Structures are given as C-alpha cells and as structure tokens.
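Structural overview
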Amino acid sequence: MKGNRWLRSTVGLFVLALLWEIPGAYGDEAVQTSPAVRRAEQAMEALQQRLQARLRTALEEKGPAGAVSVCRMEAKELARAVSNEAGFELGRTSHKLRNPANAPRAWVIPYLERAAGQSASSVRQVVVDLGDRIGVLRPIATAGPCLICHGAPESFDPALRDELAKLYPADRATGFREGEFRGFFWAEVPKPK
Ligand code: HEC
C-alpha cells in the first residue's frame with residue numbers, strides 16, 4: 001500500500017537521521033571548526049543579516065501587515081541569492097511553520113523535535129554527517145521584535161491578523177515567547193573531494 005510505504009520510508013529516514021548523529025560530532029572541535037562548517041556559518045550569518053535588514057525597513061515603511069507580504073515575496077529570494085553565492089543549499093525551517101514551503105528536510109526533524117519549546121540559548125549548533133555533504137543547523141532565537149508577528153495572536157495588529165489569515169491559512173508560527181527557540185537555519189555543504 002502506498003500509504004504504508006510512505007510511512008515506512010519516513011520512519012526509516014528518522015532512524016537514519018538518529019544514526020547519523022555520530023558520537024563525537026557534537027562539540028568535536030575538529031568538526032565544528034572545519035572549513036565546510038565555517039562556510040556554512042558564514043552563509044547562514046549572511047542570510048540572517050539580509051533577512052533582518054529587509055524586515056526592519058519593511059516594518060518601518062509599511063508596518064506589520066505590509067511587512068508580511070515583503071517577507072513572503074523576498075525570504076525565498078534572499079535564501080536563493082545567498083545559496084547561489086555560497087555554492088550550496090541553505091534556508092530556514094521550524095517545528096512550528098508559517099509557510100509549509102519551509103518544511104524541514106528529513107535529517108533535521110529529530111533536532112527540531114528535541115529543541116521545540118526550549119530556550120534558544122540552550123540549543124547548540126549541530127553538525128551532521130550526510131554522506132557526501134555536511135549538514136549544519138544553527139538555532140534561531142525569538143527576539144522581542146519577532147513577537148509582532150510570531151507572538152500571541154491576540155496581541156496582533158488587526159490588519160496583520162487578516163493578512164496572515166489570508167496568506168497563511170495553516171499558520172502555526174504564533175505563540176512564541178521572547179528567547180524561545182524559533183527554528184533553525186540549515187545548510188548542506190558538499191564535502192571536499
Ligand atoms: C512582519 C512580520 C514578521 C516579523 C516581525 C517576523 N517574521 Fe518571521 N515570518 C513572517 C512571515 C510572513 C513568514 C513566512 C515567510 C515565507 O513565506 O517564507 C515568516 C517566517 C519565519 C521563519 C521560517 C519558518 C516558517 O515558520 O515558515 C522563521 C524561522 C522566522 N520567520 C523567524 C523570525 C524571527 C527570528 C523574527 C525576529 C527576528 C521574525 N521571524 C520576525 C513574518 C514575520
């Protein structure tokens with residue numbers, strides 16, 4: 001049965017992802033400071049800075065509801081631009097998604113489940129061996145200004161609430177607290193040949 005096969009492969013991937021968490025990879029100095037990990041960190045940093053800069057001007061110029069459409073149109077473009085410059089794939093994901101297109105890759109799921117609901121400062125950067133690539137996860141913290149659009153929906157500007165309902169009918173990315181783990185930047189860097 002099709003459904004069964006899907007389930008089995010999902011479980012299989014989950015188990016594989018657990019096995020990939022090689023003992024010693026966490027906190028292992030040689031792995032954490034390898035050139036591939038440094039490249040991943042630089043690209044994720046660049047993406048974060050560009051997203052934040054864009055978000056800040058959009059909020060100033062258009063207010064929360066207007067900034068939502070900027071996020072929607074530009075977040076993906078920015079990720080694509082940074083990815084092209086870096087030469088590997090990267091993006092953002094979360095356990096509580098606003099846009100389903102930001103769904104995690106299979107190897108990321110166990111790390112999201114573990115970090116869900118925790119304070120971001122207690123979640124460490126993750127480096128995972130993906131065979132021909134190295135996966136890197138960098139925790140994203142919910143800062144005060146993020147609550148404008150990811151905090152309690154009752155606190156939202158009404159125009160923002162309408163805009164979110166229209167564009168993201170399956171929005172789960174609300175109810176975060178300041179300092180809470182919001183999600184990961186992820187990157188997959190090819191191993192040097
Ligand atoms: C103006 C409203 C607004 C603010 C403020 C805002 N976001 Fe978002 N956020 C969005 C929208 C809209 C999306 C969906 C973007 C898309 O369609 O890819 C999103 C998506 C995300 C995602 C991708 C995962 C998902 O849920 O789809 C992360 C991670 C995220 N935001 C983190 C943050 C953080 C951290 C802050 C504070 C620095 C922040 N956001 C501030 C509107 C906002």
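In short, a report on the structure.

Procedures and definitions
For every chain, the first residue of the written sequence is number 1, and numbering continues from 1 along that sequence. Reporting of local features is limited, given that this is a predicted model, to residues whose pLDDT is at least 70; pairs of side-chain atoms are given and counted only at 80 or more, and all residues count toward the totals for whole chains, interfaces and linings. The side-chain quantities take in all heavy atoms of the structure and omit both hydrogens and water. Here a donor is an N, O or S atom found within 2.8 Å of the metal, or within 3.2 Å if the metal is Na, K or Ca; sites may look incomplete because water is not among the atoms. Only runs of H or I of at least four residues qualify as helices and only runs of E of at least two qualify as strands under DSSP, and these elements are numbered from the N terminus. For each residue, the accessible area found with a 1.4 Å probe, counting protein chains only, is set against the maximum for its type, and the residue is called buried under 20%, exposed over 50%, and partly exposed in between. Note that the arc is computed from the directions linking the helix axis to the C-beta atoms. Polar contacts, as used here, are pairs of N or O atoms within 3.5 Å; protein pairs need one atom able to donate a hydrogen and one able to accept it. Residues neighboring in sequence count only if both atoms are side-chain atoms. Any residue with at least one heavy atom within 4 Å of a molecule or strand is counted as near it. Think of it this way: DSSP has to see at least two bridges between two strands before they count as a pair. Note on method: axes are straight lines fitted to C-alpha atoms, helices fitted across the in-contact stretch only, with angles between N-to-C directions ranging 0 to 180 degrees. Planes of paired rings set the category: under 30 degrees apart is stacked, over 60 is edge-to-face and the rest tilted, where pairs are Phe, Tyr or Trp rings (Trp by its six-membered ring) whose centres lie within 6.5 Å. Look at NZ for Lys and CZ for Arg. If either is within 6 Å of the ring centre and within 35 degrees of the ring normal, a charge sits over the ring. Salt bridge, as used here, is a side-chain nitrogen of Lys or Arg placed within 4 Å of a carboxyl oxygen of Asp or Glu. Throughout, a contact is declared for two residues whenever any of their heavy atoms are within 4.5 Å.

With respect to the coordination of the iron atom of the ligand
Exactly one protein atom donates to the iron atom of the ligand; that atom is H150 (NE2), 2.1 Å from the metal. By the secondary structure assignment, H150 is in helix 5 (residues 147–150).

Quick word on helix 6 (residues 158–167)
If you check which residues of helix 6 are buried, you get L160, E163 and L164. The buried residues of helix 6 occupy an angular sector of 100 degrees when the element is viewed end-on, so they sit on one face. Exposed and oriented more than 90 degrees from the buried face of helix 6 are P158, D162, A165 and K166. Regarding helix 6, its N-cap is D157, as a side-chain oxygen of that residue lies 3.0 Å from the backbone nitrogen of A159 further along.

Some remarks on the site of the ligand
Not every one of the 22 residues close to the ligand is listed here, only the nearest: R98, C146, C149, H150 and Y168. With respect to the ligand, the side chain of R92 contributes an N or O atom lying 3.4 Å from a nitrogen atom. Y168 has a polar side-chain atom sitting 2.7 Å from an oxygen atom of the ligand. Listing elements by their share of the shell around the ligand, those giving two or more residues are helix 3 (35–86), strand 3 (133–141) and helix 5.

Looking at the sheet that holds strand 4 (residues 181–190)
The four strands lie next to each other as 1-4-3-2, forming an open sheet whose pairing is antiparallel. In this open sheet, the two edge strands, each paired with only one partner strand, are strand 1 (89–93) and strand 2 (126–129). Neighbour to neighbour, the strand axes of the sheet diverge by 20 degrees on average, direction disregarded. Examined bridge by bridge, strand 3 and strand 4 share nine bridges and lie antiparallel to one another.

Some points on the pairing of strand 4
The buried count for strand 4 comes to nine of ten residues, which makes it a mostly enclosed element. Examined bridge by bridge, strand 1 and strand 4 share five bridges and lie antiparallel to one another. Across the sheet, residue E89 finds its bridge partner in strand 4, namely E188.

What about the packing of aromatic side chains?
Taken as a whole and assessed by the stated rule, the structure comprises one aromatic pair. Seen in terms of ring centroids, F181 and F184 are 4.8 Å apart; in terms of plane orientation they differ by 70 degrees. Their pairing is edge-to-face. For the pair formed by F181 and F184, the shared burial category is buried. Taking NZ or CZ as reference, R72 lies 5.0 Å from the ring centre of Y168, over its face. The side chain of K96 reaches across the aromatic face of F176, ending 4.6 Å from its centre.

Section: the pattern of salt bridges
Within this structure, the stated rule accounts for twelve salt bridges. R105 is the salt-bridge partner of E188, the closest N and O atoms lying 3.2 Å from each other. Pair noted here: E188 is in strand 4 and R105 is in the loop between strand 1 and helix 4 (109–115), with a separation of 83 residues, a long-range link. A salt bridge links D129 to K191; the nearest nitrogen and oxygen atoms lie 2.7 Å apart. Within this pair, whereas D129 is found in strand 2, its partner K191 is found in the segment after strand 4, the two being separated by 62 residues in sequence. If you follow the salt bridges from partner to partner, you end up with E89, R105, D132, R133 and E188 in one network.

Some points on the environment of R133
Structurally, R133 is set in strand 3. For the pair R133 and E188, spaced 55 residues apart in sequence, the C-alpha separation works out to 5.9 Å. Contacts of R133, omitting those with residues within four sequence positions, involve V128, E188, V189, P190 and K191. One polar contact links R133 to E188, side chain to side chain, over a distance of 2.4 Å.

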